[in-house]
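Architecture and fold: a report
One-letter residues, chain by chain:
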Amino acid sequence: MAPHPGIDTDHIQEKARKDLLDLLEGVRGKKNLVIEKSLAGPIGIFVKFSTLQDHGVDKVFFLENDNVDASQKNVIFLARGENANQPMAVAEQIKRLQKQSSIEHEFSVVWVPRRTLVCNKILEEAGVLGDVGVEELPLHFIPLEQDVLSLCLDDSFKDLYLRKDPTSIFLAAQALMPIQQAHGLFPRIIGKGDNAHRLMELLFRMRSEAAADESTTSRFGLMPSASIESLIIIDREIDFATVLLTQLTYQGLIDEMFGIQDNQAEIDSSIVGSAPGPQQSARSPAAPAQQGLKRKIQLDSSDKLFEQLRDTNGAIVDGLLNKVARRLQSDMESRHAAKTTSEIRDFVNKLPGYQTEQQSLKTHIGLTEEIMKNTQGDIFRRTLEVQQNLYDGSDPSYQHDTIEELISRDIPLTSILRLLCLESCISGGLRAKDLDNFKRQILHAYGYQHLLTLDALEKIGLLSSRASANVLFNPIGMGGGAAEATKTNYNYLRRVLKLVVDEINEQNPNDIAYVYSGYAPLSVRLVQSVIQKQHLLTITKGVSAASNGVSSAAPGWQGFDDALRNIKGETFHKVQKGDEQAVKARHMLAGTGGKVKTVVVMFLGGITFTEIAALRFLAKMEEGRRKILICTTDILSGDRMVEAAIERRDFGRG
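Fair warning: this is a prediction, and the values are worked out from it, not measured in the lab.

Strand order in the open sheet made by the three strands is β10-β11-β12, with antiparallel pairing throughout. In the strand order of this sheet, the two ends are held by β10 (260-261) and β12 (294-298), each with one partner. Relative to strand β11 (residues 264-268), β10 runs antiparallel, the two sharing two bridges. Bridging across to β11, Ile 260 finds its partner in Ala 265.

Right under this line is the structure:
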């Protein structure tokens, strides 16, 4: 297959849609679909429930609800096969239907993204393996946007850092390999972090296995890609602090306050108004519209107003909405100036667009008013003040009185844990005495089950005692001969990578730090150190790359070695070379034209909407030179990060 000129996310989405519908078509007649809850949202992104109905689906049930009925002879189960819980639930429901139903059902099980030995073993032990047809749906990356691909693995952070389960690394490698097969090898694989290194090794191993397999050799890219510049892999573990901060972009604030899942947010209808029509909820195949106070709103580029607002700092959204409202009012009043028949017809043709924009404007004004109500509240301001003082490098002990006051005011536990974990990450741990004091207060205020929560946070590496830290963080950092750091030294990196920018123009930003109103995400600074080397050296050292002895075209991490030694985990930069004769032949045919190339940035363990906004800002700066494609295991936020550790059981009640 000839390499595509660029990575087409629409093609990825269309392939996923076709694969699913082909599987449904393979089961003749009407059928009931039983789907795992965590798959319903991602599948709803690329196929509507009405489309499923067109392909014979009668009813949709959630696997977790255990309520599939016997209304159809054909029953299809759609579930992930990586965890034992889902195969066990499938086996139990098949046995229940076989026992209770008078119909002789035909069962099909579709494992996403692959069939595993665990699936087979559980179905075999349950005695149902011979009664079912088993298929695979190789659903890997799902396009959330044109520039964002996600594996939609809700538990990837918990699996990687608490359970130490590397499955999501393997699934990430499986998802990246088809990109290499379609476009050629990643010419360079650059990364930071231990899990990132494991992913790189897996990619090389899978390449070797594919090269040895005669059936794949012909379609596997033997040459480095002509359309991809590099793959940059960022391990979430190297920069926990960025996730713990409150997101301050418009989309980030919506995620903080309401939660965004699979490009949708569930908002009280008193805030955004009622749904404009019955088609509003047609997208989700497994979640019919809820009657009542809540309304699901779509938050993606299909809403043109949201596309304009999402990556801006939340502080300026109100002013932008006012401009849109005035422009829309002017457009609507233009009907009075229409005198001729053709002018009236033109206005009537534009009217549906105006009405859609008016509805969108009403929704976002409601959201903005609610966000402003929250951000102007005392708790939000106090929390944000503690965060800013911590990343500014102030003495963390000065923030303890505020945190204790917030505990006494019974604010959500996630907010308290985010502040304590942020201090631990930035300062290399809390003093043992302070940590014990906060643990005691949390147990008294929120319940003794959170002994397990605190233990889980320590296992992840989010919370630790400074006495147990290998390095007491200081602004001097580790020298040139030092080994890799065991923790990320934010105090040193704050200076050498200019993580804190004092003067930020939120209206017309000139630095990625605008997304946190003065703090530049470390994860994105690292991407910047690869693709905008000269610019970053200029703002961090005040000199050009050339005068610093580093070429602006220098590959990989060159020029930032000292900074990388103060960041946790392995550092690597690997070059992939293909067949030498094939490379020469392509150069002769294609010449050396300056084609815009794509940089693929893979976040293992999750990425925040604010980091996505910062990467889009870089892409805008690089427009005409390169594109950035963002890949991730999942979308993450500070609340979701600490919730991975929170113990939900209440042991105080029988």
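Picking up after the structure, the text goes on.
Turning our attention to the packing of helix α18 (residues 413-427) against helix α19 (residues 432-446). With their axes 12 Å apart at the nearest point, α18 and α19 run at an angle of 175° to one another. In terms of axis orientation, α18 runs roughly antiparallel to α19. Seen from α18, the contacting residues are Leu 413, Ile 416, Leu 417 and Leu 420; seen from α19, they are Phe 438, Ile 442 and Tyr 446. Residues of the contact of α18 with α19, tallied by class, amount to seven nonpolar, no polar and no charged.

On to the UniProt feature "transmembrane region" (unreviewed entry) in the protein chain. The feature "transmembrane region" (unreviewed entry), as given by UniProt, occupies residues 599-619 in the numbering adopted here. From the first C-alpha to the last, residues 599-619 spans 10 Å; its make-up is 52% helix and 29% strand.

Here we take up the confidence of the model for the protein chain. Detailed conclusions should not be drawn from predicted coordinates in areas where pLDDT is low. Chain-level pLDDT for the protein chain is 88 on average; 85% of the residues reach the 70-or-more range. Mean pLDDT values over the elements of the protein chain span from 54, in helix α25 (residues 580-590), up to 98, in helix α10 (residues 240-244). pLDDT under 50 marks residues 286-292. Its contacts with residues more than four places away, or in other chains, come to eight contacts.

This part takes up the environment of Leu 144. Relative to the helices and strands, Leu 144 resides in strand β6 (residues 142-145). A relative accessible area of 11% means that Leu 144 is categorised as buried. As for Leu 144 and Asp 300, which are separated by 156 residues in sequence, their C-alpha atoms are 7.8 Å apart. Residue contacts for Leu 144: discarding those within four places in its chain leaves Ile 45, Ser 150, Cys 152, Asn 263, Asp 300 and Ile 635.

The rules behind the values
Residues numbered from 1 in each chain as written. Predicted model: local features only at pLDDT ≥ 70, side-chain atom pairs only at ≥ 80, totals over all residues. Heavy atoms only, no water. Pairing = 2+ DSSP bridges. Helix = DSSP H or I, 4+ residues; strand = E, 2+ residues; numbered from the N terminus. Axes fitted to C-alpha atoms, helices over the stretch in contact; angles between N-to-C directions. Parallel < 35°, antiparallel > 145°, perpendicular 65-115°, else oblique. Contact = heavy atoms within 4.5 Å. Nonpolar A, V, L, I, M, F, W, Y, C, P; charged D, E, K, R; others polar. UniProt positions renumbered as here; feature names shortened; annotations may be inferred. pLDDT = per-residue confidence, 0-100. Buried < 20%, exposed > 50% of the residue type's maximum accessible area, 1.4 Å probe, protein only.

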